[in-house]
Amino acid sequence: LLLLLEATLLQLVSSSHHPFYNGFYYNHIMNDMGNGEDKGDYFNGARLVVETSKDPVYSYNGANVTLPCHFRYEPDLGDKRKIRIKWSKLRDDYTKEQDVMVAIGKTYVTFGDFKGRAHIRQASRHEASLVISDVHLKDDGKYRCEVIDGLEDESDVVDLRLQGIVFPYQPARGQYRLNFHEAEQVCQDQGAILANFNQLFQAWSEGLDWCNAGWLADGTVQYPIRLPRKPCGGVHLAPGIRSYGPRHRHLHRFDAFCFTSAPRGEVFYLDHLDGMSLEEAKQSCQDAGAEIARVGHLYSAWKFLGLDRCNAGWLADGSVRYPIVKPRANCGPAEPGVRSFGFPSKGRFGVFCYKER
């Protein structure tokens with residue numbers, strides 16, 4: 001045991017001179033005698049400061065957005081130095097950060113889904129802002145702007161939030177049938193993604209009240225309650241987001257909370273005199289140069305385009321729904337919302353179609 005402890009201490013001492021590794025390699029600075037001894041860390045006497053927006057930056061699906069980031073030296077060092085810029089996206093589940101891009105001067109490399117969509121804007125001498133084009137739903141979240149000058153390394157975080165809507169979803173086979181991975185897939189099938197906590201909280205603050213628990217993007221299971229009641233945590237609990245915490249992603253089964261943003265196209269309604277079956281509805285949309293709308297399309301058109309239709313219509317998942325902006329007699333409850341008839345195995349209805357712009 002003593003030998004093991006001694007070996008561990010020797011290893012720590014021998015490695016203590018190595019700089020912290022943050023994704024870049026630094027040149028090792030040696031003394032002028034060439035005898036392998038450290039010359040020491042070079043410090044230019046100026047403090048590197050990195051600043052991003054303190055307020056969230058808002059955007060929407062398909063837009064272009066700039067995440068501001070500026071750096072400076074205190075005191076100012078004059079001419080621009082050859083610094084390195086690294087942007088990364090922080091994950092909701094606090095796992096390893098997702099690399100977005102690395103830049104040195106005019107040379108840069110983008111990673112993963114950001115390839116071809118991201119670049120650095122350097123309109124001024126000390127700017128390191130990130131430009132993302134054709135914003136995707138998954139781009140929502142926190143981003144780290146990191147500036148490296150030799151051994152100096154400073155960073156700050158900016159929050160990108162997509163304007164969108166959260167909707168609860170359960171499949172045709174009923175309540176609490178989805179494990180985490182299935183929940184991810186059903187949201188994607190409906191033109192959406194699993195919502196994160198900030199998106200669910202925003203939806204709750206705007207009035208979402210839903211007693212069924214659903215998966216979120218970080219693997220937790222939660223649900224929003226505006227009006228406390230016995231089946232939903234009890235009447236004595238305050239309104240808020242109820243949480244089951246992290247659940248087993250394979251074994252546990254719940255519903256899903258999906259998030260989608262402003263539509264990239266238009267949603268319109270078609271009908272025949274005697275209605276249509278689901279297959280006839282799909283064909284009618286194709287004949288109109290469109291596709292049958294997904295649930296996410298209908299929710300985003302209701303919220304952002306003011307789609308209001310008291311006629312029920314088929315959607316791609318086999319459900320029948322209709323959007324109401326202005327509640328009125330014979331059109332459901334007194335609150336605005338997307339009404340659902342469930343997943344009828346029979347029946348003839350109109351159809352909501354979606355056409356990309």
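- As annotated in an unreviewed UniProt entry, the protein carries the name HPLN3 protein and comes from Formicarius rufipectus.
- Looking at the protein in UniProt, the text filed under Sequence similarities (unreviewed entry) is "Belongs to the HAPLN family."
- One UniProt comment on the protein, placed under Subcellular location (unreviewed entry), says "Secreted, Extracellular space, Extracellular matrix".

1. What to know about the packing of aromatic side chains
Here the distance between the centres and the angle between the planes together describe a pair of aromatic rings.
Alright, step 1. The final tally for this structure, using the stated rule, is 15 aromatic pairs.
Alright, step 2. Arranged with centres 5.8 Å apart and planes meeting at 80 degrees, the rings of Trp215 and Phe254 form a pair that is edge-to-face. In this pair, Trp215 is assigned in strand E14 (residues 214-215) and Phe254 in the loop between strand E16 (240-246) and strand E17 (255-261), connecting sequence segments 39 residues apart. Of the two residues, Trp215 and Phe254, neither departs from the other in class, the shared state being buried.
Alright, step 3. With 5.7 Å between their ring centres and 75 degrees between their planes, Tyr322 and Phe341 make a pair best called edge-to-face.

2. A few points about the sheet that holds strand E9 (residues 129-132)
Alright, step 1. Ordered in space as E3-E9-E8, the three strands form an open sheet in which the pairing is antiparallel. Each edge of the open sheet is held by one strand with a lone partner, namely strand E3 (65-67) and strand E8 (118-121). Sheet twist, expressed as the mean angle between neighbouring strand axes with direction ignored, is 30 degrees.
Alright, step 2. Of the pairings in the sheet, the one linking E3 to E9 comprises three bridges and is antiparallel in character. Counted as the bridge partner of Leu67 is Leu130 from E9.

3. Examining the side chain of Ser284
Alright, step 1. Position of Ser284 relative to the elements: it lies in helix H4 (residues 278-287).
Alright, step 2. Residues contacting Ser284, with those up to four places away along its chain left out, are Leu270, His272 and Met276.

4. Overview of the nonpolar core
Alright, step 1. One finds Leu67, Trp87, Leu130, Tyr143 and Phe352 to be the most contacted residues of the largest nonpolar core, which totals 84 residues.
Alright, step 2. When residues of this core are assigned to their parent elements, the largest contribution, five residues, is made by helix H5 (residues 295-304).

5. A few points about the state of the cysteines
Alright, step 1. Following the criterion strictly, the structure yields five disulfides and no others.
Alright, step 2. Disulfide pairing is shown between Cys211 and Cys232; the S-S distance is 1.9 Å. Here the disulfide of Cys211 and Cys232 is left-handed, its torsion about the S-S bond being about -120 degrees. Taken as a pair, Cys211 in the loop between helix H3 (197-205) and E14 and Cys232 in the loop between strand E15 (220-225) and E16 lie far apart in primary sequence, 21 residues in all.
Alright, step 3. With relative accessibility at 1%, the residue Cys232 sits in the buried group.
Alright, step 4. Covalently, Cys310 is tied to Cys331 through a disulfide, its sulfur atoms 1.9 Å apart. In this structure, the disulfide formed by Cys310 and Cys331 twists by about -120 degrees around the S-S bond and is classed as left-handed. One end of the pair, Cys310, is in the loop between H5 and strand E20 (313-314); the other, Cys331, is in the loop between strand E21 (320-324) and strand E22 (337-340), and 21 residues separate them in sequence.
Alright, step 5. Taking relative accessible area as the criterion, Cys310 reaches 27% and is therefore assigned partly exposed.
Alright, step 6. Looking at the protein, its bonded cysteines, counted consecutively from the start of the sequence, adopt the pairing 1-2, 3-6, 4-5, 7-10, 8-9.

Calculation notes
- Residues numbered from 1 in each chain as written.
- Predicted model: local features only at pLDDT ≥ 70, side-chain atom pairs only at ≥ 80, totals over all residues.
- Heavy atoms only, no water.
- UniProt positions renumbered as here; feature names shortened; annotations may be inferred.
- Phe/Tyr/Trp six-rings, centres within 6.5 Å; stacked < 30°, edge-to-face > 60°.
- Helix = DSSP H or I, 4+ residues; strand = E, 2+ residues; numbered from the N terminus.
- Buried < 20%, exposed > 50% of the residue type's maximum accessible area, 1.4 Å probe, protein only.
- Pairing = 2+ DSSP bridges.
- Axes fitted to C-alpha atoms, helices over the stretch in contact; angles between N-to-C directions.
- Contact = heavy atoms within 4.5 Å.
- Core = buried A, V, L, I, M, F, W, Y, C linked by side-chain atoms within 4.5 Å.
- Disulfide = S-S within 2.5 Å.

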